[in-house]
Amino acid sequence: MAKLSDGIAFMAMASFWAVNYPFVKIALGYEPPMMVLLFRVIFALVFSFAIFFRIMKIPKDFKTHLKIFLFSLLNITIFMGLWFTGEQSVSASLSSLIIYSYPILMLVFSFLIIGEKLDIYKIAGTALGFAGLITIFADQIYIKPGIGLFLLLIAAVCWSLSTIYFKKYLSIGTDVFAVNSLQFAYALPVIALWAFLDGTFSFSGLNAVFILVTLFMGSLGTAVAYFIFLFLFRKYRVSSISGLFFTVPALSVLFSYLILGEVNTYFTYLGLVMISIGIYLTARKSREAGNKAINDSDPD
């Protein structure tokens, strides 16, 4: 990345999201998926407004609020709702593999929808990162066609499209603090309704562990991490940093080992090496692009 501070911010975001991976597993042991998501968004909403309210500039026109609502549907509600629901019938390894295909999808969509230029470094870095991810789960993947697989694929597509949508419609002329906070406000009632309609709206599994885990996921793992995510995509081209997001599953392997005691294999270490090389290739080109002011449309 162009600035050291941006690189530090990215690693903080990636670490928060990576810790979410084992924490989601813990939370699902107490409550069903939509309730985990509901509490995650509740805490994200509270935390985001608490730290950003004084500096955010809330849009005054209905059109911008509608854009943020549509963004929240793609970025929060549909993405996470389908992800958590689909993971119930698909192995965790296959779920991670499908969800973390989004750097490839973002790269493709950035070229097709907003016309960003691709180069050999971006393509090779992203492809090698995804190959490394496949290698990590090589001895765990069992593909069984079904609705869960379909839901995860749609979730990955929604997540990738939300990034393109933000870059095209909300990255210029809107306050990123407000966009980040309002997306949670607009997602919350839709998620609550979803949980009610699918019959999982209950509080029977609430306890101190569940609250603490979802509190982390909602505060640092969502409110802060999503702000960094939006800040970076406002500043950089999508194709320039998409491959860097393989850092998240790489770190999630580390945190799953530290928190859950999950055993790593030779496939894990080989995959991590491949991801590291892929990230290096992407970061090398991103750094060069950053030094040439890649976001000449950003007034800041």
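Refer to the structure presented above.
Only a predicted model underlies this, so the values are computations on that prediction, with no experimental measurement involved. (Residues numbered from 1 in each chain as written. Predicted model: local features only at pLDDT ≥ 70, side-chain atom pairs only at ≥ 80, totals over all residues. Heavy atoms only, no water.)

1. Focus: helix α8 (residues 176-197)
For an α-helix the count is 3.6 residues per turn, leaving residues at separations of three or four pointing the same way.
1) Next: The terminal C-alpha atoms of α8, which comprises 22 residues, lie 32 Å apart, in line with the 32 Å expected from a rise of 1.5 Å per residue.
2) Next: Of all the bends in α8, the greatest, near 30°, is centred on A187, and the proline P189 appears no more than four residues after it.
3) Next: Along α8, the residues that are buried comprise V176, A178, V179, N180, S181, L182, Q183, F184, A187, L188, I191 and A195.
4) Next: Buried residues along α8 sit against α2 (33-52), α3 (62-86), α7 (147-170) and α9 (208-235). (Helix = DSSP H or I, 4+ residues; strand = E, 2+ residues; numbered from the N terminus. Expected span 1.5 Å × (residues − 1). Bend = angle between axes of the 7 residues up to and from the residue. Buried < 20%, exposed > 50% of the residue type's maximum accessible area, 1.4 Å probe, protein only. Contact = heavy atoms within 4.5 Å.)

2. Here's the deal with a nonpolar patch on the surface
1) Next: Nonpolar side chains collect at one region of the surface, where V108, F111, L112, I113, L118 and I123 lie side by side and expose about 520 Å² of accessible area between them.
2) Next: If you tally residues by element for the nonpolar patch, the top one is helix α5 (residues 102-112), at three residues.
3) Next: Locating F111 in the fold gives a position in helix α5.
4) Next: Accessibility expressed as a relative area gives 47% for F111, which makes it partly exposed. (Patch = residues over 30% accessible without salt bridge, like charges linked within 9 Å, V, L, I, M, F, W, Y side chains within 5 Å. Areas by Shrake-Rupley, 256 points an atom, 1.4 Å probe, with all protein chains shown as cover. Salt bridge = Lys/Arg side-chain N within 4 Å of Asp/Glu carboxyl O.)

3. Topic: the side chain of T126
1) Next: In this structure, T126 sits in helix α6 (residues 120-136).
2) Next: For T126, the contacting residues outside a window of four places in its chain are P103, I104, L107, S242, G243, F246 and T282.

4. Points about the pattern of salt bridges
1) Next: Under the definition given, this model contains two salt bridges.
2) Next: Where K235 meets D6, a salt bridge forms, and the shortest distance between an N and an O atom there is 2.9 Å. Separated by 229 residues along the polypeptide, K235 in helix α9 and D6 in helix α1 (residues 4-27) bring together distant segments of the chain. Here K235 and D6 have matching classes, each one buried.
3) Next: Its salt-bridge partner being K122, residue D119 comes within 3.8 Å of it at the nearest N-O pair. An identical accessibility class is assigned to D119 and K122; each is buried.

Shape is all these values report; function is a separate question.
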